[in-house]
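Breakdown of the fold
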Amino acid sequence: MTLYHITDVHINADYKEGTNNKCNSFVCCTEESGVATKDKDRAGKWGDYLCDTNPRVIDQLQTAVGKTGMPDFVAWTGDSTGHQIHNNPFITTKATKQVTLILERIFEKSVVFPIHGNHEFAPFNIQDMSKKNSEEVELIADAWKDWMTPEVYQEFIHHSYFSYDAKTHPKASEEFKRKMDKVRIISINTQNCYTFNFKLIGEYNDPGQEFNWLENLLRQMEKDGEIAILIGHIPPGNLDCTQEFGMRMRALHDRFQHIIRLNLFGHTHYEEFEVHRGISDDLPIGTNHVSPSITTFVDQNPSFRVIILDEETLLPIEIQTYTMYLDKANKNDKDAKFVLDHEYTKQFGLKDLSPSSMLILSNKLRNYDDHATNYMINRLGGSPKAHYNMKKGCNER
């Protein structure tokens, strides 16, 4: 089975070629930025390394589909709006609606499982987890209604997290239903861990009762013989996520490691991974796979991942990163396409993508310059900045 993992689109709806990529605003490359007077400051036709995503880049996802074939499903893990600060939910969720329409068109014959990030809120990062309803979530849910059953839709708007019996997805084909029998997609809301969500101050126990819900869900799945793919925005091991959240997630992964087969996150804009270890024996029990961003902000080549799953176990057997080399695309339209940049097992010489192999790789990154160099270049999608950063070697970095 094949899935696409797309994250952190951060679309710049007002992007304009030739405008200044350096301005007095947090987001540039728009009419308000003014016309650039120097070539190095000019926003390119397809995008700019100092600005959010040119909308036309997202359409080019179809160039990858031409090479990989239509994926069985898509995991989309949030942060669609640009990095501007807005206090209007209709503005912060507008980009989500725009990207939804694009993905519906490109993946018309596939299935999309989404979850929001932290930038969809107004102002961004801030969500009051003590409230059952959020205007932003209601607006997003309306955009995703065609991807949800009535039950999932209600769960989302009331809790801002939800789970699917995968085969009940409204777009599921008979073949997809066969492949995904007894599989549940769990979309968690990581706003309850975000250190910049200041509404968490005073929430000392379980913001939004999400861990209570998740543990009960996993217990029921265990009884029902189901397995899970878990998707979210902020990786639990990232510094942006509270330690308490990470500890609870570790405990759940330890208890339900036989059920949770895959963890997908975004947020950092980097290609990274985190290894879960057991509570009592410290052995590797799971991996958080963090995908690189579509957005070019900052110094990124637009990238996403194609993950190959074993059809029987739904464990990942290969991860491929597809990238658009922005500097080349701005010079020649023929290069405005997503192409295979690397395959994880081959690049790092891994026998598989098991937690044990990923732990071995994490140790190799400390001791082998070639592995560390490749890892650091991959983090930024192989952009010119990534190669420049590594000129001095890994030890200096």
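Structure: see above.
In short, a report on the structure. (Residues numbered from 1 in each chain as written. Predicted model: local features only at pLDDT ≥ 70, side-chain atom pairs only at ≥ 80, totals over all residues. Heavy atoms only, no water.)

**Re the pattern of salt bridges**
Under the definition given, this model contains 20 salt bridges. A salt bridge links R184 to E226; the shortest N-O distance between them is 3.2 Å. Residue R184 is found in strand β5 (residues 183-187), and its partner E226 is found in the loop between α8 (210-224) and β6 (227-231); the two are separated by 42 residues along the sequence. Here E272 makes a salt bridge to R379, at a shortest N to O gap of 2.8 Å. Of this pair, E272 sits in strand β8 (residues 272-277) while R379 sits in helix α13 (residues 369-379), placing them 107 residues apart in sequence. Residues E272 and R379 agree in their burial class; the two are buried. Through salt bridges with shared partners, one network takes in K22, K40 and D41. (Salt bridge = Lys/Arg side-chain N within 4 Å of Asp/Glu carboxyl O. Helix = DSSP H or I, 4+ residues; strand = E, 2+ residues; numbered from the N terminus. Buried < 20%, exposed > 50% of the residue type's maximum accessible area, 1.4 Å probe, protein only.)

**A few points about helix α12 (residues 355-367)**
When the terminal C-alpha atoms of α12 are compared, their 19 Å separation across 13 residues agrees well with the 18 Å that a helix rising 1.5 Å per residue should span. Taken residue by residue, α12 has S357, M358, L359, L361 and L365 as its buried positions. If you follow the buried residues of α12, they end up packed against β8, β9 (284-290), α11 (344-348) and α13. (Expected span 1.5 Å × (residues − 1). Contact = heavy atoms within 4.5 Å.)

**Some words on the packing of aromatic side chains**
The geometry of an aromatic ring pair is captured by two quantities: the separation of the ring centres and the angle between the planes. Tallied over the entire structure, the rule returns 20 aromatic pairs. With 5.5 Å between their ring centres and 80 degrees between their planes, Y4 and F107 make a pair best called edge-to-face. Here F107 lies in the loop between α4 (94-106) and β3 (111-114) and Y4 lies in strand β1 (residues 2-6), a separation of 103 residues in the sequence. Overall, the relative accessible area of 2% leaves F107 in the buried class. Here W76 and W144 contribute two aromatic rings whose centre-to-centre distance is 5.6 Å and whose plane-to-plane angle is 65 degrees, an arrangement assigned as edge-to-face. Of this pair, W76 sits in strand β2 (residues 73-76) while W144 sits in the loop between α5 (135-143) and α6 (150-159), and the two are 68 residues apart along the sequence. A single burial state applies to W76 and to W144, both of which are buried. Pairwise contacts between aromatic rings join F73, W76, F113, W144, W147, F156, F162, Y164 and F176 into one cluster. Sitting over the ring of W46, R56 keeps its end group 4.5 Å from the ring centre. Taking NZ or CZ as reference, K328 lies 5.1 Å from the ring centre of Y325, over its face. (Phe/Tyr/Trp six-rings, centres within 6.5 Å; stacked < 30°, edge-to-face > 60°. Lys NZ or Arg CZ within 6 Å of the ring centre and 35° of its normal.)

**Here's the deal with the sheet that holds strand β10 (residues 303-309)**
If you walk across this open sheet you meet the six strands as β3-β2-β1-β10-β11-β12, and the pairing is mixed. Every interior strand has two partners, whereas the edge strands, β3 and β12 (339-343), have only one. Ignoring which end each strand starts from, the neighbouring axes of this sheet average 25 degrees apart. When β10 meets strand β11 (residues 316-323), the two strands line up antiparallel, connected through seven bridges. Counterpart to I308 in the pairing with β11 is E318. (Pairing = 2+ DSSP bridges. Axes fitted to C-alpha atoms, helices over the stretch in contact; angles between N-to-C directions.)

**Remarks on the state of the cysteines**
Per the stated rule, a full pass over the model turns up three disulfides. The disulfide partner of C23 is C28, and the gap between their sulfur atoms is 2.1 Å. One quick way to see it: the torsion about the S-S bond of C23 and C28 is about -95 degrees, and its sign makes the bridge left-handed. Among the residues examined, C23 registers a relative accessible area of 28% and is labelled partly exposed. For C28, a relative accessible area of 5% gives the class buried. (Disulfide = S-S within 2.5 Å.)

Take it as geometry only, folks, not as evidence of what the structure does.
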